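Letter by letter, the chains look like this.
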Amino acid sequence: MKAGMSLEDAGGRVTSGMHESGAHPAREGTASDSEGGGSTHEHGLDWREIVRIGFVAIAAGIFWFLGVHPSLPLVLAGVSCAVVGGYPIFREAIENILERRMTMELSMAIAILAALAIREVFTALVITLFVLVAEVLEGLTVSRGRHAIRHLIDLLPSTATVNERGGWRELGVQQVLVGDIVLIKPGSRIPVDGSVVGGHSFVDQATITGESMPVEKNPGKQVYAGTINQSGALEVRVERLGRDTTFGKIIQAVEQAEQSRAPIQRIADRLAGYLVYFAFAAAILTLLVTHNMRSTISVIIVAGACGIAAGTPLAILGAIGRAAQQGAIIKGGLYLEKLAEVDTILLDKTGTLTFGTPRLLDVHPAPEISAALLLKTAAMAESRSEHPVAKAILKQAIEMGIAYEDSSQFEYTPGRGVSAICRGEEVIVGSENFLLERGVSLSRGNGHGADAEVFVARQGKFLGTLVVADLLRPEAKEAIRSLKSMGLRTVLLTGDAQAVAEDVGKKLGVHEVASELLPEEKLQYVKRLAAASHTVAMVGDGVNDAPALAQATVGVAMGSGTDVAQESADVVLIGSDLSKLVETLRIARRCRRTIMQNFVGTPVVDTIGVGMAAFGLLNPLLAAFIHVSSELVFILNSARLVPSATLAGALSGRPLVPARPDLSQSQTA
């Protein structure tokens, strides 16, 4: 439990440093982020702990050689050794008495004093030795989580190379401003979130998105603070700094996880207290029935509650850290706990299940009309439009090398289409009804169902159709299948037309489709499910999803979504990869399963141990061994959730994979 308190302190200091890094964007000042975190020294074995354990071990060895009936002076010497060696135990026991708290340290102190009272000096010394060793081992186990937090800040460089007046200048990170261009050299860590404006490289971003392979970066691609540039140099326009970066949000999530107490953690604390009361009650009953002080001492010693008290927060912290490693920011233990209870997943369509950007999928020219002419004519008419469909047409024309001219006149009819004058001729691009209303005789659509067909005519002559659609994310179908295999009900919520929504729902295999919903109607849908006692997770990315995200039991925002959606959500998927949602849900369930194993296992072991001790089947030494070993087993069970050694290497500032001087095309294939 001491280790858990230290962990909170470390997390607070690290996050404080991160807050400072984003709080002072002015050019003045030279303080760096790393200095803020550098004050926290690496936790290790305190030499005083080693000396104390050695002192008690030597004293116990001497009394073992002396036998069971030492003289009074030796007994007094042994009492002094136990008191001096067990000083941390007695100090905490006194503090607990003053605070009127019943803890295992108090019960251990009583057991040691009881053993000394009946001249069981060797027993008292061994119990003291076991408790001291146990505290050190528990502290080292929990420190894995603390190390990860303390070293998070080390992932961010303290300086950046900034383009100023045509030249490159080395500045402290706190002096960098949003909009600056920074140079990222090969092999260095990226200090900011931003978009690439020059250069080509491969970036290892496993610490942020969980991707195992380096990701290619060229102009227009996003990069994240804390990731490693592996090969070529990159020029990056700064978009977010310090605590506003994705990396900063991960640190804030860890801080919130430590400072907030999930309901299950409060239950763990109460259960640990009940186990202490149980041990004392059983000890009193044993003394009244058997009048055997050794059995009574064994009863007090054998019961342990730290497996629950320390194991629960460690499991929660480890799960949140592991989720961050996989590419999902969970904003607190409460939401981690709720994720494990979710039974219904609501999914927005545009930007969540799809990329949110329409693309030209196919070109269907009319008889005697070439595909190039059809696309060129549509591009000329749409050249002045900002509509997503227009952008898809223009992008395809550019990619195919089709040159087009801007229209001389342009008129847009919302929801229907555009009319333009191109080379003195009228061009109409839009829906089937839009062209029919203007007297264009055209053939029937090409039967693409939910995909949007754009009809094109020039001087009243029908030229053909263009098929435009928003593509599904490649991982969406597999993610839905995985969610269903976990027993979750999946529902597609969208404002799109029914035909489009049902087509997407059929392709993905969701359980239910709700279409043509306004933001208020999405909100009402979530409320109805909550009223029916469902635990709901809402996944979305846009402003229109924010009310539903806030209302849901757990709101999940895509990393590519709007700031409003991310602020309203309780979980953010950094890379906008739905497979990360599946993995996060699995981590949440594993965390709950681990905590429940501790909840069940600790009382079972304590009950069996107390029963054996009460009937004289355990002496105090064996009781102390069972106490220590069982607690360590349950704490190590929770420690399995702490991020792996691979992540630990990253968190200590070492690259996850060796930096390569060059990546050829054959290597990346």
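As the structure is a computational prediction, the values presented were derived from the model and not from experiment. (Residues numbered from 1 in each chain as written. Predicted model: local features only at pLDDT ≥ 70, side-chain atom pairs only at ≥ 80, totals over all residues. Heavy atoms only, no water.)

**Focus: the overall build of the chain**
When helices and strands are counted, the chain shows 26 helices and 22 strands. When each of the 669 residues of the chain is scored for burial, the buried share is 51%. Look at the contacts in the chain between residues 6 or more apart in sequence, and 69% of them connect residues 24 or more apart. (Helix = DSSP H or I, 4+ residues; strand = E, 2+ residues; numbered from the N terminus. Buried < 20%, exposed > 50% of the residue type's maximum accessible area, 1.4 Å probe, protein only. Contact = heavy atoms within 4.5 Å.)

**Section: a nonpolar patch on the surface**
Where nonpolar side chains cluster on the molecular surface, the patch consists of V600, V604, I608, M612, F615 and L617 and spans about 630 Å² of accessible area. With respect to the secondary-structure elements, L617 resides in the loop between α23 (578–614) and α24 (620–639). (Patch = residues over 30% accessible without salt bridge, like charges linked within 9 Å, V, L, I, M, F, W, Y side chains within 5 Å. Areas by Shrake-Rupley, 256 points an atom, 1.4 Å probe, with all protein chains shown as cover. Salt bridge = Lys/Arg side-chain N within 4 Å of Asp/Glu carboxyl O.)

**Remarks on the side chain of T296**
Relative to the helices and strands, T296 resides in helix α11 (residues 293–302). Within the structure, T296 has its side chain in polar contact with the backbone oxygen of N292 (distance 2.9 Å). With residues near it in sequence (within four places) discarded, T296 still touches A283, T286 and L287. (Polar contact = N/O pair within 3.5 Å; in protein donor to acceptor, adjacent residues only side chain to side chain.)

**Focus: empty space enclosed by the protein**
Counting across every chain of the model gives two cavities of 30 Å³ or more. One number sums up the size of the second largest cavity: a volume of about 60 Å³. As for the second largest cavity, its lining consists of I264, I316, L336, E337, A340, A588, C591, R592 and I595. Looking at the lining of the second largest cavity, the elements that each hand over two or more residues are α14 (333–341) and α23. (1 Å grid on protein atoms, 1.4 Å probe; cavity = no way out; pocket = protein on both sides within 12 Å on 5 of 7 lines; lining within 4 Å. Points joined across faces, edges and corners; volume = space filled by probe spheres on them.)

**Thoughts on the environment of L466**
Along the chain, the position of L466 falls in strand β17 (residues 461–472). Spatially, the C-alpha atom of L466 lies 9.8 Å from that of G430, the residues being 36 residues apart in sequence.

**Re the nonpolar core**
Core analysis: the largest hydrophobic core is formed by 49 residues, its most contacted members being I345 and L578. In terms of residue count, the dominant contributor to this core is α23 (nine residues). Apart from the residues lying within four places of it in its own chain, the contact partners of L578 are L347, T352, L353, E475, A476, A479, V539 and M558. Judged by nonpolar contacts, the second largest core, of 42 residues, contains A82, F90, A115 and I297. (Core = buried A, V, L, I, M, F, W, Y, C linked by side-chain atoms within 4.5 Å.)

**Structural notes on the sheet that holds strand β11 (residues 344–348)**
Read from one edge to the other, the open sheet built from seven strands follows the order β10-β22-β21-β20-β11-β18-β19, with strand pairing classed as mixed. The outermost strands of the open sheet, each flanked by one partner alone, are β10 (328–330) and β19 (512–514). Strand after strand, the sheet turns through a mean of 20° between neighbouring axes, direction not considered. Pairing geometry for strand β20 (residues 536–540) and strand β21 (residues 554–558), over four bridges, is parallel. (Pairing = 2+ DSSP bridges. Axes fitted to C-alpha atoms, helices over the stretch in contact; angles between N-to-C directions.)

**Focus: the sheet that holds strand β4 (residues 193–199)**
The strand order across the open sheet formed by six strands is β2-β1-β3-β9-β4-β7, and the pairing between neighbours is antiparallel. Unpaired on one side and paired on the other, β2 (167–172) and β7 (222–223) mark the two borders of the sheet. Pairing between strand β1 (residues 159–164) and β2: six bridges, direction antiparallel. Bridge pairing links E164 to G167 in β2.

**With respect to unusual backbone geometry**
Located in the positive-phi region is H291, a residue other than glycine, with phi close to 55°. Positionally, H291 belongs in the loop between α10 (263–290) and α11. In this structure H291 comes out as exposed when scored by relative accessible area, which is 65%. One non-glycine residue, E516, adopts positive backbone phi at about 55°. In this structure, E516 sits in the loop between β19 and α20 (519–531).

**Some remarks on α23**
An ideal rise of 1.5 Å per residue puts 54 Å on 37 residues; α23 measures up with 54 Å between its terminal C-alpha atoms. Backbone geometry just after α23 places G616 at a positive phi near 80°. (Expected span 1.5 Å × (residues − 1).)

**Topic: the pattern of salt bridges**
Counting across every chain of the model gives eleven salt bridges. Put simply, R489 and E512 hold a salt bridge, and the shortest N to O gap is 3.2 Å. On the criterion of sequence distance, the pair formed by R489 in strand β18 (residues 489–493) and E512 in strand β19 is long-range, its members being 23 residues apart. Across the pair D503 and K507 runs a salt bridge, and its minimum N-O distance is 3.2 Å. Separated by four residues within a single helix, D503 and K507 lie in helix α19 (residues 498–508), roughly one turn from each other. A single salt-bridge network, built from bridges that share partners, covers D348, K522 and D545.

**A word on the pairing of strand β5 (residues 201–204)**
Along β5, one buried face is formed by S201 and V203 and the opposite face, lined by F202 and D204, is buried too. Bridge count between β5 and strand β6 (residues 215–217): three bridges; the pairing is antiparallel. For S201, the partnering residue across the bridge sits in β6 and is K217. Pairing of β5 with strand β8 (residues 228–229) involves two bridges; the strand directions are antiparallel. When the bridges of β8 are listed, D204 appears paired with I228.

**Some details on the packing of α10 against helix α13 (residues 311–326)**
Where α10 meets α13, the axes come as close as 9 Å, and the angle between the chain directions of the two elements is 160°. In this view, α10 runs roughly antiparallel relative to α13, as classed from their interaxial angle. Every pair of crossing elements has a handedness; the one defined by α10 and α13 is right-handed. Of the residues in α13, those in contact with I264, Q265 and A268 of α10 are T312, P313 and I316. Residues that form the contact of α10 with α13 fall into these classes: four nonpolar, two polar and no charged. (Parallel < 35°, antiparallel > 145°, perpendicular 65-115°, else oblique. Left-handed = near helix turned anticlockwise from the far one by under 90°. Nonpolar A, V, L, I, M, F, W, Y, C, P; charged D, E, K, R; others polar.)

**Considering the confidence of the model for the chain**
Mean pLDDT over the chain works out to 78, with 81% of the residues at or above the 70 mark. Predicted confidence for residues 446–450 stays below pLDDT 50, and this span has ten contacts to residues more than four positions away or in other chains. Below a pLDDT of 50 lies the segment residues 645–669, which in the model reaches 35 contacts outside its immediate sequence neighbourhood of four places, other chains included. (pLDDT = per-residue confidence, 0-100.)

**Observations concerning the packing of aromatic side chains**
In total, this model carries one aromatic pair according to the counting rule given. Aromatic pair F455 and F462: ring centres 6.1 Å apart, planes at 35°, arrangement tilted. Residue classification places F455 among the buried residues on the basis of a relative accessible area of 3%. Sitting over the ring of F355, R359 keeps its end group 5.1 Å from the ring centre. (Phe/Tyr/Trp six-rings, centres within 6.5 Å; stacked < 30°, edge-to-face > 60°. Lys NZ or Arg CZ within 6 Å of the ring centre and 35° of its normal.)

**Some points on the pairing of β21**
In terms of burial, β21 is a largely internal element, five of the five residues being buried. Neither face of β21 is left uncovered, since the one carrying V554, V556 and M558 and the one carrying G555 and A557 both have all their residues buried. Running through helix α21 (residues 546–551), the crossover from β20 to the neighbouring parallel element β21 is right-handed. Where β21 meets strand β22 (residues 571–573), three bridges bridge the pair, whose relative direction is parallel. Residue V556 lies in a different strand from β22, and its bridge partner there is V571. (Right-handed = clockwise from strand over helix to strand, strands pointing away.)

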